[in-house]
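# Working through the structure, step by step
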Amino acid sequence: MAKITIADLEKIREESRRTLVLREGAGRAKITVHMGTCGIAAGARDIMSAVLKEVEERELSDIIVTNSGCAGLCSKEPMITVELVNFPAPVKYIEMTPGKIKQIFDSHIMKEQIVKEYALAIGSEMTH
Amino acid sequence: MNDISLHILDVSENSIQAGAKNLEIFIVEDTKKDILTLEIFDDGKGMDEEILKKVESPFETSRTTRKVGLGIPFLKEAAESCGGTMVISSAKGKGTKVKATFKYSHIDRKPLGDIAETLVALILRAEKTEILYLHKKNGKEFIFRTRELKRQLGVQNLKKVNLLNSLKEIIKHKISEIQ
Ligand SMILES: Nc1ncnc2c1ncn2[C@@H]1O[C@H](COP(=O)(O)OP(=O)(O)OP(=O)(O)O)[C@@H](O)[C@H]1O
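All of the points below concern the structure found in this document. (Residues numbered from 1 in each chain as written. Chains lettered and ligands numbered in written order. Predicted model: local features only at pLDDT ≥ 70, side-chain atom pairs only at ≥ 80, totals over all residues. Heavy atoms only, no water.)

### Side note on the sheet that holds strand E2 (residues 35–42) of chain B
The cut-off we apply is this: Strands qualify as paired when DSSP identifies two bridges or more between them. Secondary structure elements follow DSSP: runs of H or I of four or more residues count as helices, runs of E of two or more count as strands, with numbering from the N terminus. Whether two residues are in contact is decided by their heavy atoms: any pair within 4.5 Å suffices. Here an axis means a line fitted to C-alpha atoms, over the contact stretch when the element is a helix, while the angle between two N-to-C directions is reported on a 0 to 180 degree scale.
Taken in spatial order, the 7 strands line up as E1(A)-E6(B)-E5(B)-E1(B)-E2(B)-E4(B)-E3(B) in an open sheet, and their pairing is mixed. The open sheet has two edge strands, strand E1 (2–3) of chain A together with strand E3 (85–91) of chain B, and neither has a second partner. Here 7 bridges tie E3 of chain B to strand E4 (residues 95–103) of chain B, and the two strands are oriented antiparallel to one another. Looking across to E4 of chain B, one finds that Thr85 of chain B is bridged to Thr101 of chain B. Its contacts with the sheet put helix H3 (residues 71–80) of chain B on E2, E3 and E4 of chain B, and the angle it makes with E4 of chain B is roughly 25°. Across the sheet, helix H6 (residues 161–178) of chain B lies against E1 of chain A together with strand E5 (130–137) and strand E6 (140–145) of chain B, angled at about 160° from E6 of chain B, the strand it touches most.

Here's what the structure looks like:
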């Protein structure tokens, strides 16, 4: 039976040494990918992968990545919500693509400048 | 949904949302019998008969943000459109079981898709849910358990970017080996 082997574990351990914690402790920013049915159908899983890739490539250790249910605006999916610690109002971004994710990292995450083009509204998070 | 792995993600999200401590996903690909079977079990809060009936017809959800729950009906449609079936059974306080079958060689059967991506997305979502994944194909099998992986690594949770990215590659590789 195929399963995770000792060699695989070693590889995972090796990777984890340069580990970036996603959820424990305080993060500078929190990114939520909305993954209700409509989000998933519109490509939310690829958006999550793109977010993980950006975090890894930029070696960011202070970003919390998570996912949640539907954001309530199915026609604008896939959507993410970005929250910065120093900037408490969450920003929702609509109709995400991996390319737009990169822009959001360049600007919002790295420079604390909202990418207005893709932002829906600055207001309260709506997850369930 | 383009592939079965996205349906798995969607249906399993409900299990996590329902507070499941354990989520079990089974896939059996039997090309001789020409059947692909998908089963998803959870021990979450479950549903009573009334909710269950509504879940099967697309115009109901216990949520307030939107009145339509589509995850289960979508899976049902995917199964039935390729000569398969979908059954959901549930007991309040006990959990839920979803079973779908697909005619393997049917031209409209969706491909399995990227299971590794789905498992990583579920790990990210699951706060307190342990995941078991068992995939059989014509006698070969691959098994993955988050509980076991955490124990082996000596960690409390798996939500670390590098860890998840390397785990994703390993799972992808293991699944390709049983294909
Ligand atoms: N495994 C489960 N355990 C308990 N309740 C469930 C489960 N699966 C579905 N339900 C109930 O059925 C409802 C409908 O589920 P469905 O997947 O169709 O839509 P949803 O999750 O509400 O929304 P979305 O379409 O955005 O995923 C859920 O809101 C929940 O009340």
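That shown, we press on.
### Remarks on the interface of chain A and chain B
Rule in force here: Salt bridges are defined as contacts in which a side-chain nitrogen from Lys or Arg sits within 4 Å of a carboxyl oxygen from Asp or Glu. Throughout this description, a polar contact denotes any pair of N or O atoms lying within 3.5 Å of each other; where both atoms belong to protein, one of them has to be capable of donating a hydrogen while the other can accept it, and for residues adjacent in sequence the pair is counted only when both atoms sit in side chains. For this classification, Asp, Glu, Lys and Arg are treated as charged, while Ala, Val, Leu, Ile, Met, Phe, Trp, Tyr, Cys and Pro are nonpolar and the rest, including Gly, are polar.
Every contact between the two is made by 40 residues of chain A and, on the other side, 43 residues of chain B. Summed over the shared surface of chain A and chain B, the result is 1 salt bridge. Counting across the interface, chain A meets chain B through 13 residue pairs in polar contact (both at pLDDT 80 or more). Going through the elements one at a time, E1, helix H1 (6–17), helix H2 (37–42), helix H3 (44–57) and strand E3 (63–68) of chain A are the ones with two or more residues in the side of chain A that touches chain B. If one sorts the elements of the side of chain A that touches chain B by residue count, H1 of chain A sits on top with 7 residues. Its residues placed into classes, the side of chain A that touches chain B shows 19 nonpolar, 11 polar and 10 charged. Looking at chain direction, E1 of chain A and E6 of chain B are connected through 2 bridges and run parallel. Residue Ala2 of chain A lies in a different strand from E6 of chain B, and its bridge partner there is Phe142 of chain B.

### Focus on empty space enclosed by the protein
The condition is simple: Using only the protein atoms, space was sampled on a 1 Å grid; points where a 1.4 Å probe fits but cannot get out form cavities, open sets with protein on both sides within 12 Å along at least five of seven lines form pockets, and lining residues are those with an atom within 4 Å of a point. Grid points are joined across faces, edges and corners, and a volume is the space filled by probe spheres set on the points.
One pass over the structure, following the stated rule, counts 1 cavity of 30 Å³ or more. Volume-wise, the largest cavity comes out at about 70 Å³. Lys3 and Ile4 of chain A together with Ile143, Phe144, Arg145, Glu148, Leu149 and Gln152 of chain B together form the lining of the largest cavity. Secondary-structure elements contributing two or more residues to the lining of the largest cavity are E6 and helix H5 (146–153) of chain B. When its residues are assigned to classes, the lining of the largest cavity shows 4 nonpolar, 1 polar and 3 charged.

### Regarding the pattern of salt bridges
All names here are of chain B. Heads up, the rule is: A simple rule labels every residue: compare its accessible area, found with a 1.4 Å probe on the protein chains alone, to the largest value its type can have, and call it buried under 20%, exposed over 50%, or partly exposed in between.
Under the definition given, this model contains 15 salt bridges over all chains. In this structure, the salt-bridge partner of Asp34 is Lys103, at a minimum N-O distance of 2.8 Å. Placement of Asp34 in the loop between strand E1 (22–30) and E2 and of Lys103 in strand E4 is noted, with a sequence separation of 69 residues between them. By relative accessible area, which is 16% here, Asp34 ends up buried. Note that Glu117 is salt-bridged to Lys168, the shortest N-O span being 3.3 Å. Linking Glu117 in helix H4 (residues 115–125) with Lys168 in helix H6, this pair joins segments that are 51 residues apart in sequence. Comparing Glu117 with Lys168, the two get one shared label, buried.

### Observations regarding the pairing of E2 of chain B
All names here are of chain B. With 6 of its 8 residues buried, E2 lies for the most part within the structure. Across 8 bridges, the pairing between E1 and E2 is antiparallel. The partner of Ile27 across the bridge, within E2, is Leu38. Once E1 ends, the chain turns through 4 residues before running back antiparallel as E2, passing Asp34 with a positive phi of about 60°. In terms of strand pairing, E2 meets E4 through 8 bridges, oriented antiparallel. Of the residues in E4, the one forming a bridge with Ile35 is Lys103.

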